[in-house]
Amino acid sequence: MYHVVSDYTETRQREKDGTLSVEYRYNINYDRWKSIAAGLYLEFLAGLIYAFPVYSGRLKSSMNLSQVGLSNISTAGTIGGNFSIVAGIFLDQLGPTWTSTRGARIASLGFFLIYLCTAGLFPVDAVPVLLACFYFIAYQGLTWMDMPTVAAQVTNFPHQKGLAVGLVKTQFGLAASAIVILSVGFFGGGGKLNETPWCKGTEFQSQLFNTTSSETAIETSGGITLLLFFSLLCIIIGSVASHFLKYTPPTFNNGMLGKGGMRKMYLNFGFVGLVMAYCLVVSLVKIEWYKTGEIPEGADLIFAIVQVFLYLFPFFLLLRTKRRKGQTAGVADSGEAPEDWLPKNSDAEDLVTEVPSDNEVVGATVSSMYDFSFKEALLSIEFWCLFFIFFGGTGAAYMTINQLTQINVALGGTAADKALAVVFVGLFNCLGRIVLGNIQDFTGRCGLTRPALCVFVMFLMGTGQLILADATSPQDVVVGVGFTAFAFGSTWCLIGPTTSDIVGKKAFGKIFSSVSMAAMGSTVVFNSLIAGPNYQAELSKQGENVKKTCCGPQCYESAHTTAAIVSFCVAVAPMVLWYRTRTYYKNLYAANK
């Protein structure tokens, strides 16, 4: 058992004036900043779901999958990544450490099975079904790491929950860009990006391929090593980081951060900004190198090693343990401490003044609008507003991310264009989390509360989808992806704190996991019921080709148009929530001034 406080001693001494002095001494083995450090690593792993466009083209080609088949596989994974009610139940019962540790193991197993599938260890006919099942398992493990991370931040930082969640969620967005640098550096496979576009207008360039070769053979070539790399990352980093993901105990002060605490918070944001800038610069430089194939020897390995050193920064927060604390209180003959004496926070840098009372539960937060049970939440209007906010803020984005390779090819893009689009997914996804994570606690004091920001995000998502619907070139795709990814990242760092504000702590795990399942439903609708079938229908009109590729903007136009309409319509949900919570937020921010 890992004890957050050890070697506790209490010394009582009768003073000459008749009062009683009590000195408390103990070793602090854990503070709430470790949940931030652990959360940064765990959210990085949870963000592996965004790495799908990096290798989806190779997966489709090597496994001889149709676009519908690939869409179904990515949908199965996304369902697993958002079917979070089971994780929520275990979170409420057994806490964040236990839940996240199991998530690391589940994800590692899932990615390892996917790797074995690509390596040809399973029957060819069963590959599509097995891949769908294995992706469900892998992504289910990712949500078991994501859910406890969010719960720990809103519990340990109740007054700055938006800032804390936004910070750890930045890694969710950066994962795709960072993982490419690591995988290519350590495992190779960068290749050249000066390919001729497969599509010109609505015409497929069949002369680029040997059409006499077998179209049914599966090219395993040892499997996709990147997937094995994912498996190792989950079991090693996930298991270690989960050990430090805890709720702070009731004797700890989870009050508002002071100057020291805010400096520490922004220092972590500085780390994120540095990593984001590094990923962007390295990615753009490598794209230019790969266009010509003239890559300096050892450059990829150097880039990867530097990336590893950058990611060691949160680890140093984990090492800040075993600090001796002492506090002396002068008490009356009754043995009770005077009202004007308050025990200090576990972290002296926080400079806070409020502490929980002795009878509060572990990880107690500031008051929420309600303290719902799971059943009460399901019967409330607020729950369904949250559900549809997440429905509109995630489904269209998941569709865009999962179909990004095929969208790029259909519009005449090259491998370099796709690489740039993937970089923009990570960059703007992370940027949305940084911006909305930083401003939501401040704008709330001006009346622009979290539900109001959700309205803005829904309109931003709809705008991005309209740009993609009207896209005729890879450059248009980059712009649309930027809007979509920013809105997507913003949704993720808003939905957790907003849910916590409204439903309380009693059944937060089950309620928040149920809200998160909205992404599962929207992904099925957009990805498998709209995008995949429409793509296949357009391909049938053009005639089958050796790469089963649809060419032209019409391949995804209706899918993005539908997604835009849904996003604009769903904006009604945060408007209703904004209206219903206006009094609560007014009182909340007035009390925190």
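Keep in mind that this is a model prediction, so the values were computed, not measured. (Residues numbered from 1 in each chain as written. Predicted model: local features only at pLDDT ≥ 70, side-chain atom pairs only at ≥ 80, totals over all residues. Heavy atoms only, no water.)

K.L.:
Is there a simple way to explain the overall build of the chain in this structure?
P.N.:
Counting its regular elements, the chain contains 21 helices and 5 strands. When each of the 593 residues of the chain is scored for burial, the buried share is 58%. Taking as baseline every contact in the chain between residues at least 6 positions apart, the subset at least 24 positions apart corresponds to 85%. For the chain, the accessible surface area stands at approximately 22900 Å², while carbon and sulfur atoms represent 63% of it. (Helix = DSSP H or I, 4+ residues; strand = E, 2+ residues; numbered from the N terminus. Buried < 20%, exposed > 50% of the residue type's maximum accessible area, 1.4 Å probe, protein only. Contact = heavy atoms within 4.5 Å. Areas by Shrake-Rupley, 256 points an atom, 1.4 Å probe, with all protein chains shown as cover.)

K.L.:
How do you make sense of the nonpolar core when you look at a structure like this?
P.N.:
The tendency in soluble globular proteins is for nonpolar side chains to be buried as a group. Core analysis: the largest hydrophobic core is formed by 147 residues, its most contacted members being Leu 59, Phe 111, Leu 131, Tyr 135 and Met 265. Not counting chain neighbours up to four residues away, the residues in contact with Tyr 135 comprise Phe 52, Tyr 55, Leu 59, Ile 73, Gly 77, Ile 114 and Leu 227. Grouped together as the second largest cluster of nonpolar side chains are 5 residues, Cys 199, Phe 204, Phe 209 and Cys 551 included. (Core = buried A, V, L, I, M, F, W, Y, C linked by side-chain atoms within 4.5 Å.)

K.L.:
Teacher, can you tell me more about the packing of helix α15 (residues 450-469) against helix α20 (residues 572-580) here?
P.N.:
Each pair of packed helices gets described by two things: the angle between the helix axes and the distance between those axes. Between α15 and α20, the least distance of the axes is 8 Å, while the angle of their chain directions is 165°. Comparing their axes, α20 and α15 come out roughly antiparallel. The handedness of the crossing between α15 and α20 comes out as left-handed. For the pair α15 and α20, the contacting residues are Pro 451, Ala 452, Cys 454, Val 455, Met 458 and Phe 459 in the first and Pro 574, Met 575, Leu 577 and Trp 578 in the second. Counted by class, the contact of α15 with α20 contains 10 nonpolar, no polar and no charged residues. (Axes fitted to C-alpha atoms, helices over the stretch in contact; angles between N-to-C directions. Parallel < 35°, antiparallel > 145°, perpendicular 65-115°, else oblique. Left-handed = near helix turned anticlockwise from the far one by under 90°. Nonpolar A, V, L, I, M, F, W, Y, C, P; charged D, E, K, R; others polar.)

K.L.:
Would you explain the packing of aromatic side chains in this entry?
P.N.:
Centre-to-centre distance and the angle between the planes together describe a pair of aromatic rings. Taken as a whole and assessed by the stated rule, the structure comprises 29 aromatic pairs. Three or more aromatic residues joined by ring pairs form one cluster here, namely Phe 52, Tyr 55, Phe 111, Tyr 135, Tyr 139 and Phe 230. The positively charged end of Lys 505 is found above the aromatic ring belonging to Tyr 247, 5.2 Å away from the centroid. Above the face of the Tyr 579 ring, Arg 582 is positioned so that its terminal group lies 3.9 Å from the ring centre. (Phe/Tyr/Trp six-rings, centres within 6.5 Å; stacked < 30°, edge-to-face > 60°. Lys NZ or Arg CZ within 6 Å of the ring centre and 35° of its normal.)

K.L.:
Help me out: how do you make sense of the pattern of salt bridges in this one?
P.N.:
Close approach of charged atoms lets side chains of opposite charge pair. Summed over the entire model, instances satisfying the criterion amount to 7 salt bridges. A salt bridge links Glu 43 to Lys 169, with the nearest nitrogen and oxygen atoms 3.6 Å apart. With Glu 43 in helix α1 (residues 33-46) and Lys 169 in helix α6 (residues 161-187), the pair connects residues that are 126 residues apart, well separated along the chain. Each member of the pair, Glu 43 together with Lys 169, is buried. The partner of Lys 161 in a salt bridge is Asp 501, and the shortest N-O contact between them spans 3.0 Å. Of this pair, Lys 161 sits in helix α6 while Asp 501 sits in helix α16 (residues 474-503), placing them 340 residues apart in sequence. For Lys 161, a relative accessible area of 3% translates into the label buried. A relative accessible area of 2% places Asp 501 in the buried class. A single network of salt bridges, built from pairs that share partners, joins Glu 43, Asp 146 and Lys 169. (Salt bridge = Lys/Arg side-chain N within 4 Å of Asp/Glu carboxyl O.)

K.L.:
Got a minute to help me understand the state of the cysteines in this structure?
P.N.:
Chemically, a disulfide is nothing more than a covalent bond linking the sulfur atoms of two cysteines. Tallied over the entire structure, the rule returns 2 disulfides. Each disulfide pairs two cysteine sulfurs, and for Cys 199 the partner residue is Cys 551, the sulfurs being separated by 2.0 Å. Here the disulfide of Cys 199 and Cys 551 is left-handed, its torsion about the S-S bond being about -65°. Here the residue Cys 199 occupies a position in strand β3 (residues 199-200), and Cys 551 occupies one in the loop between α18 (518-542) and α19 (554-570), the gap between them amounting to 352 residues. Cys 551 sits in the buried class, given a relative accessible area of 0%. By sequence-ordered numbering of the bonded cysteines, the chain has its disulfides arranged as 1-3, 2-4. Cysteine Cys 133 is unpaired, with the sulfur of Cys 117 as its nearest cysteine sulfur at 9.8 Å. (Disulfide = S-S within 2.5 Å.)

K.L.:
Can you walk me through a nonpolar patch on the surface in this structure?
P.N.:
A cluster of nonpolar side chains, contributed by Phe 186, Leu 301, Ile 305, Val 308, Phe 309, Leu 312, Phe 315 and Phe 316, occupies part of the molecular surface with about 720 Å² of accessible area. Counting residues per element, the ones that place at least two in the nonpolar patch are α9 (299-310) and α10 (313-318). Broken down by element, the residue count for the nonpolar patch peaks at 4 residues, all from α9. The residue Phe 309 is located in helix α9 in this model. (Patch = residues over 30% accessible without salt bridge, like charges linked within 9 Å, V, L, I, M, F, W, Y side chains within 5 Å.)

K.L.:
I would appreciate a short explanation of helix α17 (residues 508-516) in the present structure.
P.N.:
Spacing of three or four residues puts side chains on the same side of an α-helix, whose turn is 3.6 residues. When you tally the buried positions in α17, you get 9 out of 9 residues, the bulk of the element. Those residues of α17 not exposed but buried are Phe 508, Gly 509, Lys 510, Ile 511, Phe 512, Ser 513, Ser 514, Val 515 and Ser 516.

K.L.:
So what exactly am I meant to see when it comes to helix α12 (residues 381-402) here?
P.N.:
Between its first and last C-alpha, α12 extends 32 Å over 22 residues, near the 32 Å set by a 1.5 Å rise per residue. Burial analysis of α12 places 19 of its 22 residues in the buried class, the great majority of the element. (Expected span 1.5 Å × (residues − 1).)

K.L.:
In this structure, what is going on with unusual backbone geometry? I would like to understand it.
P.N.:
For residues besides glycine, phi is generally negative; the peptide bonds are generally trans as well. Positive phi is not limited to glycine here, since Asn 64 has a value of about 55°. Along the chain, Asn 64 turns up in the loop between α2 (52-62) and α3 (67-82).

K.L.:
What's the story with the environment of Leu 577 in this structure? I'm lost.
P.N.:
Within the element layout of this structure, Leu 577 appears in helix α20. For the pair Leu 577 and Phe 383, spaced 194 residues apart in sequence, the C-alpha to C-alpha distance is 9.3 Å. With near-sequence residues (within four places) excluded, Leu 577 lies in contact with Glu 382, Cys 385, Leu 386, Ile 389, Pro 451, Thr 498 and Ile 502.

K.L.:
Could you clarify how one ought to interpret the environment of Lys 60 in this entry?
P.N.:
Relative to the assigned elements, Lys 60 resides in helix α2. Between the C-alpha atom of Lys 60 and that of Lys 547, which follows or precedes it by 487 residues, the distance is 9.2 Å.

K.L.:
Where do I start with the side chain of Ser 242 in this structure?
P.N.:
Relative to the helices and strands, Ser 242 is located in helix α7 (residues 225-242). Within polar-contact distance, the side chain of Ser 242 engages the side chain of Ser 100 at 2.7 Å. For Ser 242, the contacting residues outside a window of four places in its chain are Leu 42, Thr 97, Ser 100 and Thr 101. (Polar contact = N/O pair within 3.5 Å; in protein donor to acceptor, adjacent residues only side chain to side chain.)

K.L.:
Would you mind showing me how to read the environment of Leu 468 here?
P.N.:
Turning to its location among the elements, Leu 468 is positioned in helix α15. Sequence-wise, Leu 468 and Pro 553 are 85 residues apart; in three dimensions their C-alpha atoms are separated by 9.1 Å. Ignoring sequence-local partners within four residues, the contact set of Leu 468 consists of Thr 400, Val 477, Gly 480, Val 481, Thr 484 and His 560.

K.L.:
I tried to follow the confidence of the model for the chain on my own but got confused; where do I start?
P.N.:
The predicted coordinates should not be examined in detail at positions where pLDDT is low. Looking at the chain as a whole, the pLDDT averages 80, with 81% of positions reaching at least 70. Counting contacts from residues 1-7, a segment whose pLDDT is below 50, to residues more than four positions away or on other chains yields 25 contacts. Note on residues 212-220: pLDDT under 50 across the span, and 14 contacts to partners over four residues away in sequence or across chains. (pLDDT = per-residue confidence, 0-100.)

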